[in-house]
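Observations on the three-dimensional arrangement
As a plain string of letters, each chain reads:
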Amino acid sequence: VAGNWKMNLNLQEGLALAKEVNDALAADKPNCDVIICTPFIHLASVAGVLNSQLVGLGAENCADKEKGAYTGEVSAEMVKSTGAQYVILGHSERREYYNETPEILKEKVLLALKNGLKVIFCIGETLAEREANKQNDVVKAELEGSVFNLSAEEFANVIVAYEPIWAIGTGKTATAEQAEEIHAFIRSAIAEKYGNEVAENTSILYGGSAKPSNAPELFAKPNIDGGLIGGAALKCADFKGIIDAWKK
């Protein structure tokens, strides 16, 4: 279960939430891996309050360049140096608002892996694409465009997050059946490329308005290995409720 805070919480609020999550999980050990992905400026401070055995730390993005005259950008090496272990790449908001192309994302993925970060790579279709029944083509193209160039060894450091764009922050959720169907397709695409063993070992997370009430049903599906959580990750009780779905 990975939380994506997006552009929310100032540094003090973020530190308070990170401590709260850490304490809640220290008191009641999770049955799954837990990651929180925070804005860049929070990373180093939050790293100091998390027990990395309980909660992993990730960034929400990194640059597609190694270093240099790129004012305002944050490199994969910088992210890693804060104590973070993960980075979210390819989120639909980055693709849509900041014009991140498959080529740009390919560079980001390579730099993240080179710097020892694990990648949470987001894929997913729009409502128009879903209505045209093109979701399988879309997600496969996104994998081929940015991560299927990796070797099997490199791909072992990639977590795939399927996010139906039409269900992010809209309150709409894919049904557990819809989510399972496309997760199974994604796993089959990975198997076709890297073989069954790699596909079985790849975590595929569902993102898109997951909350404590629907997480147990989603997580019960064989191909749904967890969630990438947006809004519900900003409240410890909600986030913990989703994590606890793995105890059901």
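Reference entry: report on the structure contained in this document. Keep in mind the model is a prediction, meaning the values are calculated, not measured. (Residues numbered from 1 in each chain as written. Predicted model: local features only at pLDDT ≥ 70, side-chain atom pairs only at ≥ 80, totals over all residues. Heavy atoms only, no water.)

1. Concerning the overall build of the protein chain
We count it as follows: Think of it this way: any DSSP run of H or I at least four residues long counts as a helix, any run of E at least two long counts as a strand, and we number them from the N terminus. Values of the radius of gyration come from C-alpha atoms, whereas the globule rule sets the reference at 2.2 Å times the count of residues to the power 0.38. Relative accessibility under 20% of the residue-type maximum defines a buried residue, over 50% an exposed one, and the middle range a partly exposed one, all with a 1.4 Å probe and only protein chains included. Here, two residues are considered to be in contact whenever any of their heavy atoms come within 4.5 Å of each other. Positive: Lys, Arg. Negative: Asp, Glu. His and the chain ends are not part of the count. In plain terms, the charge of a residue is placed at NZ if it is Lys, CZ if Arg, CG if Asp and CD if Glu.
Scanning the protein chain from N- to C-terminus turns up twelve helices and eight strands. At 17 Å, the protein chain has a C-alpha radius of gyration in line with the 18 Å of a compact globule built from 248 residues. If you line up the protein chain on its principal axes, its C-alpha atoms span 50 × 45 × 35 Å. Evaluated residue by residue, the protein chain yields a buried proportion of 50% over its 248 residues. The long-range fraction of contacts in the protein chain, counting pairs at least 24 apart against all pairs at least 6 apart in sequence, stands at 71%. Mean positive and mean negative side-chain charge positions of the protein chain (24 and 34 charges, respectively) differ by 3 Å.

2. Some points on helix α9 (residues 176-194)
Short version of the rule: Between the first and last residue of a helix there are one fewer steps than residues, each counted as 1.5 Å, and that sum is the expected span.
Across its 19 residues, α9 extends 26 Å between first and last C-alpha, which sits within 8% of the 27 Å expected from 1.5 Å per residue. Considered for burial, the residues of α9 that qualify are Ala176, Ala179, Glu180, Ile182, His183, Ile186, Arg187, Ala189, Ile190, Ala191 and Tyr194.

3. What about helix α5 (residues 102-114)?
Taking 1.5 Å per residue as the helical rise, α5 with its 13 residues ought to reach 18 Å, and the 18 Å between its terminal C-alpha atoms agrees with that figure. Where α5 is concerned, the buried positions are Leu105, Lys108, Val109, Leu111, Ala112 and Leu113. Packed against the buried residues of α5 are α3 (76-81), β4 (86-89), α4 (92-97), β5 (118-123), α7 (135-146) and α8 (152-155).

4. Considerations on the sheet that holds strand β3 (residues 56-59)
The condition is simple: Between any two strands, pairing holds if DSSP finds at least two bridges.
Pairing in this open sheet of eight strands is parallel, and the strands run β7-β6-β5-β4-β3-β2-β1-β8 from one edge to the other. Lying at the two open borders of the sheet, with one neighbouring strand each, are β7 (204-206) and β8 (228-229).

5. Some thoughts on the packing of α7 against α9
The condition is simple: Axis lines are fitted to C-alpha atoms, over the contacting stretch for helices. Their N-to-C directions set the angle, which ranges from 0 to 180 degrees. Here the angle decides the label: under 35 degrees means roughly parallel, over 145 means roughly antiparallel, 65 to 115 means roughly perpendicular, and every other value means oblique. In a left-handed crossing the near helix is turned counterclockwise from the far helix by less than a right angle, and in a right-handed crossing that turn is clockwise.
Where α7 contacts α9, the two axes come as close as 10 Å, and the packing angle between them is 40°. As far as their axial angle goes, α9 and α7 are oblique. Between α7 and α9 lies a crossing whose hand is right-handed. Contacts from Gln135, Asn136, Val139, Lys140 and Leu143 in α7 reach Ile182, Phe185, Ile186 and Glu192 in α9.

6. Notes on the packing of aromatic side chains
Operational definition: Whether two aromatic rings pair depends on their centres lying within 6.5 Å, for rings of Phe, Tyr and Trp, where Trp uses its six-membered ring; planes under 30 degrees apart make the pair stacked, over 60 edge-to-face, and the rest tilted.
Inspection of every chain in the model, using the stated rule, returns six aromatic pairs. On the basis of an interplanar angle of 20° and a centroid distance of 4.6 Å, the ring pair of Phe155 and Tyr194 is categorised as stacked. One end of the pair, Phe155, is in helix α8; the other, Tyr194, is in helix α9, and 39 residues separate them in sequence. Tyr194 shares its class with Phe155; the two are buried.

7. Examining the state of the cysteines
For the record, the criterion: Disulfide: a pair of cysteine sulfur atoms within 2.5 Å of each other.
Applying the stated criterion to the full structure yields zero disulfides. Left unpaired, Cys122 is separated from the closest cysteine sulfur, that of Cys37, by 9.1 Å. A relative accessible area of 2% means that Cys122 is categorised as buried.

8. Here we look at the environment of Val55
Tracing the backbone shows Val55 in the loop between α2 (43-47) and β3. For Val55, a relative accessible area of 1% gives the class buried. Residues Val55 and Glu177, 122 residues apart in the sequence, show an inter-C-alpha distance of 29 Å.

9. A word on the nonpolar core
Quick reminder of the rule: Put simply, a nonpolar core is a bunch of buried Ala, Val, Leu, Ile, Met, Phe, Trp, Tyr and Cys residues held in one set by side-chain atoms that sit within 4.5 Å of each other.
Counting residues in each nonpolar core, the largest one holds 68 residues, and the members touching the most others are Phe155, Ile186 and Ile190. In this structure Phe155 touches Val147, Phe148, Leu150, Val160, Ile190, Tyr194, Val198 and Thr202, once residues within four positions along its chain are discounted. The next biggest cluster of nonpolar side chains, apart from the first, holds eleven residues, and it includes Ile120, Cys122, Ile159 and Ala161.

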